[in-house]
Each structure stands twice: as structure tokens, then as C-alpha cells.
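The primary structure of each chain is shown beneath.
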Amino acid sequence: MTHGHDDAFDRTDLAPGDEHVEGGRLRLRVLGYVTGLGLAILLTATSFFVAGTNLVWEPSIPVALVVLAIAQMGVHLVFFLHITTGPDNTNNVLALAFGVLIVLLLMSGSLWIMANLNHNMMPMDQIMQMQR
Amino acid sequence: MADTTMAYAHIDPHQVRGIDEFGTHAGPASRRIVTGYGFWIFILSDIIMFSAFFATYAVLLGQTAGGPSGRDLFDLRNVAIETAFLLASSFTCGMASIAADMRNKTWFQVAMAVTCLFGLAFLTIEAREFASLVARGAGPTRSAFLSAFFSLVGLHGLHVSAGILWLLTMMAQVLAKGFRADIQRRILCFALFWHALDIIWIAVFTVVYLIGSAQ
């Protein structure tokens, strides 16, 4: 990483998924992907193990699976998409935060409203009676 | 009054935030940064579209209309193999983007070809799973649960198919035009897209298969 401005890729020139290398950094970059792959395999294997096992208290399994999935998404974001907390990445992180907010609103809102409607809906046989 | 205005005008906001160690800020961001950021926004909007499909699936999970549920249908060993293929393809895609930055054509083409093969293996397993479900009478028309399942997993499959077409295009473009700046930007966007598909697959195998097969 030099300070050379003739270089087409300045240090500040970083976008998601982008990390410019020169020869010496090659090993480090490959190592980053290997680390990411290792962590991802570990988390995936744990997910499949937890889903199929009797060793864990059963009602806790869905929560554990969701936590493991979020952890693995974090691993992918950091090691594969290179979303970092560096000053050059502020825009990407802010966009990600906004996307996560919308996803959470959409998912929790849908589940909440539909569960509520389902709860308040008259049982089907009573609806049939009223239509008669 | 005029003095204070002038004083503030000399302060570069980027230096204030402490990145002047990388050299002084020189005008607007490069096209590579702007392209990457714009494509990142597209990926986030794509993820929001997927979240609507996930919400639909979660709401309809129990609505099997007397038909088969996830527990009867899903083969988790198959899903584990699919996951392994997609994860491996994400890794080789990362190797391809390193090769592109090093401007090494051979390694780029090899890594992209391997990525393509892993992607095709994933799609083949998924297509066989869909075919076997339809053959068992558990097609998308059977119940609301299965409609939601086929739309969500099928949408991800369509994205992977589009990704493979894009991958082959990039291989051809590097072959014909070399690592020009605009080709490099396209490779960057492709890598983002492919890694994002893997992130969505994490949600698919967790929510659809692992949690869905407990129902």
C-alpha cells in the first residue's frame, strides 16, 4: 500500500468487495478468504448439527439457528464483501444499516400483523354458520 | 465574520475525520468507488425484496392445507451438499477477484471456471429436488406453504442462474478485452453479487430448511 497518486487505485479507493493488493499483500488476502471460509464452514456445520440433535433443549433450537445464521452473515460481510468500519467504508456501512432496518421492519411487521389477524379471526365453522 | 468563514473554508472535512494519512483528498471519488457503492445499494434493495418473500414464507409455514409439511419433504443431507457447493463457489469467486487485481489471466479464468462448476452443481441439485417434489405431488399448487417455498427458493435459484450467465460473460470479456478499468469494475460488481447470493442462501437454509423441517 503506497502513497503513490499515479496508482490507479488509491488507498481511499475502496468499495465493498474491493481491496487493492500489491505483490506482498497477496498471501494476506488469500488468508482472509481462507479464514472466512473456515469460520463459515464451522458455523454452517454447527447449524446443521443443532437442527438434527436431541442434545439441545428443543424450544431453543430456532433461536440458536437464527443466531448462528446472523453470525455467519457477519462473517461473509467482513471476510468476503469486506465491509469494514474504516473511514473509507462509512457510506457502505450506513447503506447496510438502513437495509437491515427495512428488512427487520418488513419481517417483524408481517409476522406480527398476520399472527394478530390469525388470532382474531373467527373459527371457520362459525363463518360457515353465519353464511347460511 | 468574513474571517471565520474563511477559516472554516480551509478545513477539509476529510482531514478533520483523520484520513489525511492516506494523502489529501482530491475531488470526487473515483468511478470504481462510485460503481461499487451504487451496486451495493442495488444488492441491498435485492435483499429487501428477498425479505418480503421470507416474510411470506414465515407467515404461510403452517398453512399446508392438509398436505405434506416441511418435515415430510425436506432432505437435509441434500441441503448440506448444496450449501457446501455454494460456499466453495463463494471462496473461488474471491480467488478470482484477487487474480483480477493481480491481472493474472490464467488464474482468473481457472477460478471463474471452478466457480461456474460449483454454481452449476448447486443448480442441478436444486432442480432435482424441485422435480422430485413435483413428482411426489408436492408442487407449488398443493398448498400455500409450498407456493411460498417454491417462490422463495426458486427466486434464489433464478438469481444464481443469472449470476452464472454474468460469470460466463465476464470470462469472455476478460478473454477478449483483458483487464481494462471498466472490465475490472464489472468483475467487482459480479463478485459482490455472487457473495450476496451466498448470504441470502444462509437465510434460506436456516429459515426454510432447518427451521421449516421442524414444523
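Residues numbered from 1 in each chain as written. Chains lettered and ligands numbered in written order. Predicted model: local features only at pLDDT ≥ 70, side-chain atom pairs only at ≥ 80, totals over all residues.

**Some words on the overall build of chain A**
What counts is decided by this rule: Per the convention used, a helix needs a DSSP run of H or I reaching at least four residues, while a strand needs a run of E reaching at least two, with both numbered from the N terminus. With C-beta atoms placed from the backbone, a residue is buried if 20 or more other C-beta atoms are within 10 Å of its own, exposed if 12 or fewer are, and partly exposed between those counts.
The secondary structure content of chain A amounts to four helices and zero strands. Counting over 132 residues, chain A shows a buried share of 21%.

**Things to note about the overall build of chain B**
Using the following cut-off: Contact between two residues is assigned whenever their backbone-derived C-beta positions fall within 7 Å.
A count of helical and extended segments in chain B gives eight helices and zero strands. Start at the N end of chain B and walk to the C end: the helices and strands fall as α-α-α-α-α-α-α-α. A total of 215 residues make up chain B; the buried ones form 39% of that total. Considering only contacts in chain B between residues 6 or more positions apart, those separated by 24 or more positions represent 82%.

**What to know about the environment of A88 of chain B**
Examined against the element boundaries, A88 of chain B turns out to sit in helix α5 (residues 76–101). Assessed through the 19 C-beta atoms surrounding it within 10 Å, A88 of chain B is described here as partly exposed.

**Some remarks on the interface of chain A and chain B**
Stated precisely, the cut-off is as follows: When residues are sorted by character, Ala, Val, Leu, Ile, Met, Phe, Trp, Tyr, Cys and Pro go into the nonpolar class, Asp, Glu, Lys and Arg into the charged class, and all the rest, Gly among them, into the polar class.
Contacts between the two partners involve 49 residues from chain A and, on the opposite side, 47 residues from chain B. Mapped onto the side of chain A that touches chain B, the elements with two or more residues apiece are α1 (26–52), α2 (61–79) and α3 (90–120) of chain A. Of the residues assigned to the side of chain A that touches chain B, the class counts are 29 nonpolar, 14 polar and six charged.

**Some thoughts on the environment of M95 of chain B**
Looking at the element boundaries, M95 of chain B is found in helix α5. Judged by the 20 C-beta atoms lying within 10 Å of it, M95 of chain B falls in the buried class. Separated by 13 residues in sequence, M95 of chain B and F108 of chain B place their C-alpha atoms 7.7 Å apart. Ignoring sequence-local partners within four residues, the contact set of M95 of chain B consists of Y33 of chain A together with A111 of chain B.

**With respect to the nonpolar core**
As a reminder of what qualifies: As used throughout, a nonpolar core is a set of buried Ala, Val, Leu, Ile, Met, Phe, Trp, Tyr and Cys residues joined through C-beta atoms within 7 Å of each other.
Y57, L192, V204 and V208 of chain B are the most contacted members of the largest nonpolar core, which has 73 residues in total. Among the elements of the structure, α1 and α2 of chain A together with α3 (31–60), α5, α6 (105–135), α7 (144–177) and α8 (181–211) of chain B are those that each provide at least two residues to this core. In terms of residue count, the dominant contributor to this core is α8 of chain B (21 residues). Ignoring any residue separated from it by four or fewer positions in sequence, one finds Y57 of chain B in contact with A148, F149, L152, V207 and V208 of chain B.

**Notes on the environment of F42 of chain B**
Residues and elements named next belong to chain B. As for its position among the elements, F42 is in helix α3. You can call F42 partly exposed: it has 13 C-beta atoms within 10 Å. When the C-alpha atoms of F42 and V79 are compared, they prove to be 28 Å apart, with 37 residues separating the residues in sequence.

**Side note on the confidence of the model for chain B**
Residues and elements named next belong to chain B. For clarity, the threshold we go by: Predictor confidence is given residue by residue as pLDDT, running from a minimum of 0 to a maximum of 100.
Averaged over all residues, the pLDDT of chain B equals 88, while 87% of them reach at least 70. Below a pLDDT of 50 lies the segment residues 1–9, which in the model reaches zero contacts outside its immediate sequence neighbourhood of four places, other chains included. Counting interchain partners and residues more than four positions distant, the pLDDT-below-50 stretch residues 15–21 has eight contacts. Confidence estimates for the predicted assembly give a pTM of 0.83 and an ipTM of 0.82.

**So, unusual backbone geometry**
The residue H82 of chain A is not glycine, and still its phi comes out positive at about 55 degrees. Relative to the helices and strands, H82 of chain A is located in the loop between α2 and α3. Given 24 C-beta atoms within 10 Å, H82 of chain A falls into the buried group. Positive phi, close to 50 degrees, is recorded for A65 of chain B, a residue that is not glycine.

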